[in-house]
Amino acid sequence: LLEEFLQQPGFIYEIDEKYYFLGKWICKECKENFEQIGEIHCPRCFKYKEEKVCKDCEYWIQKGNMVEHEALYRYNAAMKDYFKRYKFEGDRLLGMVFASDIKKALKKYKNYTIIPTPISHEKKQERGFNQVSTILDFAEIKYNNLFQKEDTLAQSKKTREERLKTSQHFQLKGEVSEKQKYLILDDIYTTGKTIELMKRLLIEKGVKEIKTFSIAR
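Conventions used here
Residues numbered from 1 in each chain as written. Predicted model: local features only at pLDDT ≥ 70, side-chain atom pairs only at ≥ 80, totals over all residues. Heavy atoms only, no water. Buried < 20%, exposed > 50% of the residue type's maximum accessible area, 1.4 Å probe, protein only. Helix = DSSP H or I, 4+ residues; strand = E, 2+ residues; numbered from the N terminus. Pairing = 2+ DSSP bridges. Polar contact = N/O pair within 3.5 Å; in protein donor to acceptor, adjacent residues only side chain to side chain. Contact = heavy atoms within 4.5 Å. Salt bridge = Lys/Arg side-chain N within 4 Å of Asp/Glu carboxyl O.

Draft legend 1. A look at the pairing of strand E3 (residues 69–73). Across the five residues that make up E3, a large majority, five, are buried. Sheet analysis places E3 next to strand E8 (residues 210–216), joined by four bridges and oriented parallel. Looking at the pairing, tyrosine 73 lines up with alanine 216 of E8.

Pasting the structure below:
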């Protein structure tokens, strides 16, 4: 009976603190509400329907920062609702929704060290999990927690101007090889400030090749 029960579509069970899923995690109708970024996008940051380098990237280029970012989906109403439930309401199992997409997309970065964007200790205590590394765990992708973050006002609560003025609140907590290639992974790319702060620390250590990636843009 137990074996038959486990074979029911969509059933999740846990063994040794690992979650196993049988069937599709998200139905076709819901998945279609997430808009994939098409062929027309900013060549630097994947901003939707920007045929040339967008204003966000121009801002960073003027500051001497080269943007090499890739994203999968637009940050539309469905994506906003998803992250509300996943991050802010703490529905950890929703990390499964994009695990297969991430696993497929990151195959071309097999020679890179994957670095998930960290959350502060206080935020980890409050939420119970890191939303980025949790998706990587579900996707069974190895990563390096190279950064740690101080507790600050969440980027989602800031205006665009406040985001761009954010001072350094990340620290390196591991060894960095200047010969290694690094891929920084975040959940949402808005202005690019969070990612640029982390890139700065790697560049200061002599790293030459750094790319970035997010689920939403």
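That shown, we press on.
Draft legend 2. How the structure looks around the side chain of serine 120. Its place among the elements puts serine 120 in the loop between strand E4 (112–116) and helix H6 (121–127). A distance of 3.1 Å separates a polar side-chain atom of serine 120 from the backbone nitrogen of lysine 123. Apart from residues lying up to four places away in sequence, serine 120 is in contact with Lys149, Glu150 and Asp151.

Draft legend 3. Quick peek at the pattern of salt bridges. In total, this model carries nine salt bridges according to the counting rule given. Its salt-bridge partner being aspartate 56, residue lysine 47 comes within 3.9 Å of it at the nearest N-O pair. Classification of lysine 47 as partly exposed rests on a relative accessible area of 29%. The shortest N-O distance in the salt bridge between glutamate 126 and lysine 123 comes to 3.9 Å. Of this pair, glutamate 126 and lysine 123 both sit in helix H6, three residues apart, which is roughly one turn of that helix. Using a relative accessible area of 63% as the deciding quantity, one classes glutamate 126 as exposed. The exposure class of lysine 123 is partly exposed, given its relative accessible area of 23%. Among the charged side chains, a salt-bridge network with shared partners connects Lys47, Asp56 and Arg217.

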